[in-house]
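# Secondary and tertiary structure notes
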Amino acid sequence: MAVNNGGGSVRSRGPIALSAALALVVVAALVLLLLQRGGPAASSPPSAGPTTAVTPVPVTEPPPTEAVAEKCKGQKVSFELSFIPNVQHAGFLVASKRGYYTDEGLDVEIKGAGPGVDVTQDVADGTVSLGQVDYVDIAEARLAGVPIKAVAQTYKKPFFFWYSNKDSGIADVAAWKGHTLGAIQVGDYPERDAMMLAAGLDPKKDITVVQQDFGTDDFIAGKVDIGEGVVFYHPAFLVGVNHKAWPDDFIVYRPEDNGADFASQTVAASEDFLAKDPAAVKCFLRASIRGWAATFADPKAAVTDTMTFIPEGAIPEPHQQAAINDVLPIVGSGASDKTLLQPTPDKYKATIDQLKTLGYLTEDVDVAKTYDSSFYDSMGPVPAP
């Protein structure tokens, strides 16, 4: 009860305090009466009569509620691959084929690339919403003032390598000196140069670089002593043509094993797209991770799905079924791998440092401006395949 006290108000102790005092008086009187009538006192023996145990009712806590990721609302998103569709893109293609992007509320168009297609440029100028871009290209683009960023890391290791025949005697990278080396692509190979520097070689003087066909004809014909390969093609092709065992019949030189700690293929977007539709980026990542998990869970079925995207007659399915075994190890460790597509800032920093050492970057690049992990970190739970 409140009473007025010169314009202010204070709480009254009235009825509540009086009731408490009265209750104490009543209890004291009952105790005295029991003692006078010989009721149980502290010193009295316990009653021998039967007693009934009372079982406490357990309190069941409600199960924790799992966060629900917000679905998209029919946004159209274009995603450009790094090459013509094949098993190196299996997770993305499976996600498209099985409707995982649709489940997330996205309308995703998968676009193949190939000779003459500059995915980095297409991402930067908005020709496509997202694209597979090598991290080296992102670092060089940022130096040139092009505002693109990685939002996911597709491959945890480089997808290319070099190899020679087991009987070549070229035991390691240091033994490359004086040999011919194949190069499938035109342009720079910073990973190759980093490997050579780590082995004490001069990339410009100690080898002869020879343009190599995408297949293995030049290597088999002896035009190059050391061939260049990519995981989604050459191991399976060499075994199919030569009936050899991979990698037992070859000496394989992988960048990550020879001092070239480079980040590889990313999923990248322009800063404009990231700011315009962050929800679409999160939906895309969830569906893509689900696609890669499904690929790990059943590689054979994933390759069958992938074949529906490959131009007819371009790559036979038996080859792709063999190649998937070399692709998956650079993506992750399995369907339950919690790091699938996770950005790798430590690799980004190492890549930039090595590019500076090699002279590919003439100025420092702020690694924080080359990626944005906030989409991955806040995308919410990924549905099971």
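For the structure, see preceding data.
Residues numbered from 1 in each chain as written. Predicted model: local features only at pLDDT ≥ 70, side-chain atom pairs only at ≥ 80, totals over all residues. Heavy atoms only, no water.

## Looking at the overall build of the chain
Stated precisely, the cut-off is as follows: Strands are runs of DSSP state E lasting at least two residues, helices are runs of H or I lasting at least four, and both sets are numbered from the N terminus onward. Relative accessibility thresholds used throughout: buried, under 20% of the residue-type maximum; exposed, over 50%; partly exposed, between the two (1.4 Å probe, protein chains only). The Shrake-Rupley method, run with a 1.4 Å probe, gives the accessible areas here. Residue values count only the displayed protein chains as cover.
Scanning the chain for helices and strands turns up 14 helices and 12 strands. Evaluated residue by residue, the chain yields a buried proportion of 44% over its 385 residues. Accessible area of the chain: about 19800 Å², with a carbon and sulfur share of 55%.

## Details of helix H5 (residues 135-143)
What counts is decided by this rule: Here a polar contact is taken to be a pair of N or O atoms separated by no more than 3.5 Å, where protein atoms must pair a possible hydrogen donor with a possible acceptor and residues adjacent in sequence count only if both atoms sit in side chains.
When H5 is considered as a whole, its buried residues turn out to be Tyr135, Val136, Ile138, Ala139, Ala141 and Arg142. One side-chain oxygen at the N-terminal end of H5 lies 3.1 Å from the backbone nitrogen of Val136; it belongs to Asp134.

## Things to note about the pairing of strand E9 (residues 208-211)
Remember that side chains alternate between the two faces of the sheet whenever the strand is regular. Test applied: Note on pairing: two strands pair once DSSP finds at least 2 bridges between them.
Pairing geometry for strand E8 (residues 180-183) and E9, over four bridges, is parallel. Note on E9: the bridge partner recorded for Ala183 is Gln211.

## Notes on the sheet that holds strand E7 (residues 160-165)
So the rule is basically this: Think of each axis as a best-fit line through the C-alpha atoms, taken over the contacting stretch in the case of a helix, with angles from 0 to 180 degrees between the N-to-C directions.
Strand order in the open sheet formed by three strands is E10-E7-E11, with antiparallel pairing between adjacent strands. Lying at the two open borders of the sheet, with one neighbouring strand each, are strand E10 (227-230) and strand E11 (250-253). Taking each pair of neighbouring strands and ignoring which way they run, the sheet shows an average axis angle of 35°.

## A look at the sheet that holds strand E5 (residues 130-134)
In spatial order, the strands read E4-E3-E5-E12-E6; together these five strands make up an open sheet with mixed pairing. A single partner strand is all that each edge strand has here, and the edge strands are strand E4 (106-111) and strand E6 (148-153). Here the average twist between neighbouring strands, direction ignored, is 35°. Bridge analysis of strand E3 (residues 75-80) against E5 gives two bridges, and the strand direction is parallel. Note on E5: the bridge partner recorded for Glu80 is Gly131.

## Quick word on the packing of helix H10 (residues 278-297) against helix H12 (residues 317-331)
For the record, the criterion: In what follows, roughly perpendicular refers to angles from 65 to 115 degrees, roughly parallel to angles under 35, roughly antiparallel to angles over 145, and oblique to any angle outside these ranges. For a crossing to be left-handed, the near helix must be turned anticlockwise from the far one by less than a right angle; the clockwise case is right-handed. In this analysis, two residues are considered to be in contact whenever any of their non-hydrogen atoms come within 4.5 Å of each other. Put simply, Ala, Val, Leu, Ile, Met, Phe, Trp, Tyr, Cys and Pro go in the nonpolar bin, Asp, Glu, Lys and Arg in the charged bin, and everything else, Gly too, in the polar bin.
One can describe the packing of H10 onto H12 by two numbers: an axis separation of 11 Å at closest approach and a directional angle of 130°. By the angle class used here, H10 and H12 are oblique. Relative to H12, H10 is oriented so that their crossing is left-handed. Judged by residue contacts, Trp292, Thr295 and Phe296 of H10 engage Ile324, Val327, Leu328 and Val331 from H12. Within the contact of H10 with H12, the residues separate by chemical class into six nonpolar, one polar and no charged.

## Considering helix H11 (residues 299-307)
Considered for burial, the residues of H11 that qualify are Ala302, Val303, Asp305, Thr306 and Met307. On the buried face of H11, the contacting elements are helix H2 (90-97), H10 and H12.

## Details of the pattern of salt bridges
For clarity, the threshold we go by: The salt bridge criterion pairs a side-chain nitrogen of Lys or Arg with a carboxyl oxygen of Asp or Glu, the two atoms within 4 Å.
Counted under the stated rule, the structure contains 12 salt bridges. Linking Arg290 and Asp103 is a salt bridge whose minimum nitrogen-to-oxygen distance equals 3.0 Å. With Arg290 in helix H10 and Asp103 in helix H3 (residues 100-103), the pair connects residues that are 187 residues apart, well separated along the chain. Across the pair Lys356 and Asp364 runs a salt bridge whose closest N-O atoms are separated by 3.2 Å. Note on Lys356: relative accessible area 36%, which makes it partly exposed. Overall, Asp364 belongs to the exposed group, its relative accessible area being 57%. Overlapping salt bridges, with partners in common, bring together Lys71, Glu104 and Arg286 in one network.

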